[in-house]
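Examination of the molecular architecture
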Amino acid sequence: MMNFKEWLSCHSISKSLLSTRPFSFFYDESSEREFRHHGTMDMVTGAAISSERTLSENQVNVSSAHEQSLVTEASALAQYNSNKGNKDPLTQVEAFQISFLRLVQRIGQSPANPVVLQVLYRLELASLIRAAESNVKKPGLKIDKARALALALEESGHDDFDFSLKILVLGKTGVGKSATVNSLFDEAKVTTNAFRPSTKGIQQVVGTIKGIKVTFIDTPGLLPSNNNQRRNRKILIEVRKFIRKSPPDVVLYFERLDFYDRVYYDFPLLKLITNVFGSSIWFNTILVMTHSSSPLPEGMDGYPVSYEEFVGQRTKLLQSYIHQAVSNTQLENPVLLAENHPMCMKNSKGEKVLPNGQAWLSQLLLLSISTKVLGDANSLLKFQNSFQFVKSDSIRQPSLPHLLSSLLQPRSTGTSIDGNDFQVDDLSDGEEDEYDQLPPIRILTKAQYQQLSRLQKNAYLDELDYRETLYLKKQWRAEIRRNKESMLSNSGASESSEYENSSSHEVVQLPDMAIPLSFDSNCPSHRYRCLLGTNEWLLRPVVDSQGWDHDVCFDGISLDFSKQIKGNLTASVAGQMRKDKVDFSIQSDSGVNFVHGKCLFVSSLDILTAGKALVCTFRGDVKFKNLNCNSTGCGLSLTSFGKMHFIGAKLEDSISLGRRFKLVANTGCLVGNSQETYGGSVEATIRGKDFPVRDEKVTVAANFLTYDKDMVLGGSFQTDFRVGRVAKMSLNANMNSRSLGQISFKVSTSEHFELGLITAVSLIQALFHKRNKSHEWEKT
Ligand SMILES: Nc1nc2c(ncn2[C@@H]2O[C@H](COP(=O)(O)OP(=O)(O)OP(=O)(O)O)[C@@H](O)[C@H]2O)c(=O)[nH]1
């Protein structure tokens, strides 16, 4: 199981707090995962549908009777939907699905477009949630059936639904709002101006695009945030009055992609928009980045950055400021790249395309239609009311099982009871040093080696391998002896001798950070060199190539400190702190180890930021060797997470039989915030005969965890071993009582490249198998 830190780092703070499942474009990890899974299935059915279309176009396979029945069914649905006095929300959502698919077809988008799949999936999911809540047994309209119905209706020429879009455009002056409206209608409906603000007042522009009635509300451009808030507020209040009676279905918020700065100065503007219209304005907003074909800026290496990377940075920055403006980190606005220049590239169909090949006009239509359909379904099924705003500074509930897992995991302290690592059993000092007794060996040259027979070559390599193992064992023993001696000498050493020892150490230059190819005086790697001196303190700047604070040249500081205060008392601190204009994060582990006879005491304080909250964990562990082969330990932990506190305790015992067999058992519990969790494990390990210089072992483990009246039992098996001299294999399998498990098998070798070939052939085979399967799908 992941420990608590891994759990924190892979779940950004409030994502998992969403108690409801919004189904517009908000990001929700669980549904995203489900979507990915579902999405791949839909891709398959999407391919089947497109082939269905080809077949029906050729009028080969689709029987007209079947088509007729589909049309009747679809018309019935459409009529049902239009009959206002008799509306069942679930049936209306089914009609939305069909209308949406018909629109997708009209604007020439593929039903396999990820946006289409996401909308359909969310509509289906929303119906299922509502049906389950109201105990309705009605089966929902399956996505592939909706596709077939939409296709049949479009082919039969039925024009029984009336769909229109009302779009509000907002953004600073000169970003290309009016130019985008003109691009969409493919004619100059509104004036644009390269030198002066051109939209003087709010104006409605109505027209038809690909058979869909679209009304744009073009608004005067807002001014940059500084000192213009009053005028901007006036414009926005006018817009609010204008749309009060008939609110727009979609809002387009404009920015220029090519205007970039490391600091975003228009946050006050986003905040003002949020204050005037309310946070909900962002729910239906698409972010439009104009000037998307402009030349890309240079990166640190002197070459232009990649298009995707640049777009990603710009949109992430804008999205993060919107998050701050609405105090919600779940919102994920769709982003559209646009290029209004008359010389914009075109594809073979004559559509304007971006450098990434996307035809942006139909994508804008698709996103607008999707936003409207999801918005309508949201209000129909009343999902909007159940969406809970999660403050970005709110604190989520920490995962107790992960906290317990961290507590149960043995801490690697670097200190041991009798001078050795406490985790590693000593090789007996009396064991004779076989390496020194070996007869000398003559190392062969390459030419000499080539002259040997195959058997001789094998014997020679086996001998070298045997000697290498013995040599490594000898070194390991010497290392342990050195540690023991230094512990003994340190305990009696005076301060002056410590000084003498330390002054004899050399100053070493630490490895440099990667230096960009072209010189940049702002780049810290060109300015600083770090030296590792005699001091116990090691302080280094942390540089993030994507960091913001270029003027101070680093984004954080890392600190390492370790000191043997007395022979049996060691203190250490390791941590990293990062700070920019918005965020502050710290991660530090500090601890004190004290060895007394056969007892080891370890106390530590870990500090970690999780979003805006500080997680502090204090731990105290004691371990004592009660028998030569047995050591017992116990530990206590106190964790504070924001205003919540958790107390944990554990007991552990470890039995070693000889150097090769080890049995470790532990159990513990954690309570706090009116919850409790219990867990424990037993682990048996048999190590290879050359442990620790060759890491061969077999481990069998069983564990249990109870949380929230639920118990999960699990088991795992792991083995690592060498095959011959050059290959290593590792097999790992685990399974729990919820039938979740994993098997992994790894082989690594420095010779036998045929093994790599086998892997490549199996991969290619698997790919072909998949392709053939999808061809079969298309044929059926
Ligand atoms: N190269 C390029 N130029 C653009 C793009 N979009 C707009 N422009 C140009 O930018 C200038 C301003 O565009 P407008 O559409 O008037 O900007 P606006 O946001 O409507 O400005 P206001 O009416 O003042 O609010 C015009 O000269 C446009 O031709 C684009 O994507 N690429």
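Residues numbered from 1 in each chain as written. Predicted model: local features only at pLDDT ≥ 70, side-chain atom pairs only at ≥ 80, totals over all residues. Heavy atoms only, no water.

- As annotated in an unreviewed UniProt entry, the protein carries the name AIG1-type G domain-containing protein and comes from Dendrobium thyrsiflorum.
- In its Cofactor (unreviewed entry) section, the UniProt entry covering the protein states "Mg(2+)".
- Recorded in UniProt under Subcellular location (unreviewed entry), the annotation for the protein is "Plastid, Chloroplast outer membrane". (UniProt positions renumbered as here; feature names shortened; annotations may be inferred.)

A few points about the overall build of the protein
- Of regular secondary structure, the protein possesses 17 helices and 22 strands.
- Within the protein, buried positions represent 40% of all 780 residues.
- Here the contacts in the protein between residues at least 6 apart in sequence split such that 60% fall between residues at least 24 apart.
- About 43,000 Å² of surface is accessible on the protein, with carbon and sulfur atoms providing 56% of the total. (Helix = DSSP H or I, 4+ residues; strand = E, 2+ residues; numbered from the N terminus. Buried < 20%, exposed > 50% of the residue type's maximum accessible area, 1.4 Å probe, protein only. Contact = heavy atoms within 4.5 Å. Areas by Shrake-Rupley, 256 points an atom, 1.4 Å probe, with all protein chains shown as cover.)

Some points on the packing of aromatic side chains
- Per the stated rule, a full pass over the model turns up 5 aromatic pairs.
- Measuring from ring centre to ring centre gives 5.7 Å for tyrosine 253 and tryptophan 282, while their planes differ by 70 degrees; the resulting arrangement is edge-to-face. Within this pair, whereas tyrosine 253 is found in strand β4 (residues 250–256), its partner tryptophan 282 is found in the loop between α9 (267–277) and β5 (285–290), the two being separated by 29 residues in sequence. You'll find tyrosine 253 and tryptophan 282 in the same group, each marked buried. (Phe/Tyr/Trp six-rings, centres within 6.5 Å; stacked < 30°, edge-to-face > 60°.)

Re the pairing of strand β16 (residues 644–657)
- The alternating pattern of β16 places Met644, Phe646, Gly648, Lys650, Glu652, Ser654 and Ser656 on a buried face and His645, Ile647, Ala649, Leu651, Asp653, Ile655 and Leu657 on a face that is not buried.
- Sheet analysis places strand β15 (residues 630–641) next to β16, joined by 12 bridges and oriented antiparallel. When the sheet's bridge partners are listed, glycine 633 is paired in β16 with glutamate 652.
- Hairpin connection, β15 to β16: the antiparallel pair is bridged by 2 residues, and glycine 642 has positive phi, about 60 degrees.
- Where β16 lies against strand β17 (residues 661–672), 11 bridges are found, and the strand directions are antiparallel. Looking at β17, one finds that aspartate 653 is bridged to alanine 665.
- The hairpin turn running from β16 into β17, its antiparallel successor, is 3 residues long, and glycine 658 in that turn takes a positive phi close to 65 degrees. (Pairing = 2+ DSSP bridges.)

Overview of the nonpolar core
- Residues Phe216 and Leu252 are the most contacted members of the largest nonpolar core, which totals 87 residues.
- Each residue touching leucine 252, except ones within four places of it in the same chain, is listed here: Ile167, Leu168, Val169, Leu170, Phe216, Ile286, Val288 and Leu364.
- Within the second largest apolar cluster, 14 residues are counted, among which are Leu404, Leu608, Ala610 and Ala613. (Core = buried A, V, L, I, M, F, W, Y, C linked by side-chain atoms within 4.5 Å.)

A look at the site of the ligand
- With respect to spatial proximity, 20 residues lie near the ligand, and among them Thr173, Lys177, Thr199, Glu339 and Asn340 are the closest.
- Lysine 177 has a polar side-chain atom sitting 2.8 Å from an oxygen atom of the ligand.
- The biggest single contributor to the shell around the ligand is helix α7 (residues 177–185), with 3 residues.
- By residue class, the composition of the shell around the ligand is 4 nonpolar, 13 polar and 3 charged. (Near = heavy atom within 4 Å. Polar contact = N/O pair within 3.5 Å; in protein donor to acceptor, adjacent residues only side chain to side chain. Nonpolar A, V, L, I, M, F, W, Y, C, P; charged D, E, K, R; others polar.)

Regarding the packing of α7 against helix α11 (residues 360–380)
- α11 packs onto α7 with a crossing angle of 100 degrees between their chain directions and a minimal axis gap of 10 Å. With respect to their mutual orientation, α7 and α11 come out roughly perpendicular. Along the contact surface, α7 presents Thr180, Ser183 and Leu184, while α11 presents Trp360, Leu361 and Leu364.
- Among the residues making up the contact of α7 with α11, the classes are represented as 4 nonpolar, 2 polar and no charged. (Axes fitted to C-alpha atoms, helices over the stretch in contact; angles between N-to-C directions. Parallel < 35°, antiparallel > 145°, perpendicular 65-115°, else oblique.)

Comments concerning the side chain of threonine 617
- Among the secondary structure elements, threonine 617 is positioned in strand β14 (residues 613–627).
- Under the relative-accessibility criterion, threonine 617 is labelled buried at 14%.
- Discounting chain neighbours no more than four positions away, the residues touching threonine 617 are Ser604, Leu605, Asp606, Leu638 and Thr639.

A closer look at the packing of α9 against helix α10 (residues 307–326)
- For the pair α9 and α10, interaxial distance at closest approach is 9 Å and the crossing angle is 45 degrees. Compared by their axis directions, α9 and α10 come out oblique. The handedness of the crossing between α9 and α10 is right-handed. Facing α9, whose interface residues are Phe267, Leu270, Lys271 and Thr274, α10 presents Leu318, Tyr321, Ile322, Gln324, Ala325 and Val326.
- Residue classes in the contact of α9 with α10 are distributed as 7 nonpolar, 2 polar and 1 charged. (Left-handed = near helix turned anticlockwise from the far one by under 90°.)

Focus: the sheet that holds strand β3 (residues 212–218)
- Ordered in space as β2-β3-β1-β4-β5-β6, the 6 strands form an open sheet in which the pairing is mixed. Two strands close off the open sheet at either side, each with one partner strand: β2 (203–209) and β6 (335–337). The average angle at which neighbouring strand axes cross in this sheet is 25 degrees, direction not considered.
- Two elements, β4 and β5, share 6 bridges in a ladder whose sense is parallel. Across the sheet, residue glutamate 255 finds its bridge partner in β5, namely methionine 289.
- Strands in contact with helix α8 (residues 229–244) are β1 (164–171), β2 and β3; relative to β1, the strand with the most contacts, it is inclined by about 170 degrees.

A few points about the pattern of salt bridges
- Tallied over the full model, the rule gives 17 salt bridges.
- For glutamate 468, the salt bridge identified is with arginine 694, shortest N-O distance 2.6 Å. One end of the pair, glutamate 468, is in helix α15 (residues 454–492); the other, arginine 694, is in the loop between β18 (675–687) and β19 (697–707), and 226 residues separate them in sequence.
- With relative accessibility at 40%, the residue glutamate 468 sits in the partly exposed group.
- Linking arginine 619 and aspartate 621 is a salt bridge whose minimum nitrogen-to-oxygen distance equals 3.3 Å. You'll find arginine 619 and aspartate 621 in the same group, each marked buried. (Salt bridge = Lys/Arg side-chain N within 4 Å of Asp/Glu carboxyl O.)

Considering a nonpolar patch on the surface
- The grouping of Leu605, Phe618, Leu638, Ile647 and Val671 at the surface amounts to a nonpolar patch, some 410 Å² of accessible area in total.
- Among the structural elements, isoleucine 647 can be located in strand β16.
- A residue is classified by how much of its surface remains accessible, and isoleucine 647, at 47% relative accessible area, is partly exposed. (Patch = residues over 30% accessible without salt bridge, like charges linked within 9 Å, V, L, I, M, F, W, Y side chains within 5 Å.)

Side note on the pairing of strand β10 (residues 556–566)
- In this sheet, β10 lies alongside strand β9 (residues 537–542) in antiparallel orientation, the contact comprising 6 bridges. The residue bridging arginine 540 from the neighbouring strand is serine 558, located in β10.
- As judged from the 10 bridges shared by β10 and strand β11 (residues 569–579), these two strands associate in the antiparallel manner. Bridging across to β11, phenylalanine 561 finds its partner in valine 573.
- Where β10 hands over to β11, the hairpin turn is made up of 2 residues, counted between the paired strands.

Some words on α8
- Taking 1.5 Å as the rise per residue, α8 with 16 residues should run 22 Å; its terminal C-alpha atoms sit 22 Å apart, in good agreement.
- Among the residues of α8, those classed as buried are Asn232, Ile235, Leu236, Val239 and Ile243. One side of α8 holds all its buried residues, which, seen down the axis, span an arc of 95 degrees. Opposite the buried face of α8, at more than 90 degrees from it, the exposed residues are Arg230, Lys234, Lys241 and Arg244.
- Buried residues in α8 make contact with β1, β3 and α9. (Expected span 1.5 Å × (residues − 1). Arc of directions from axis to C-beta.)

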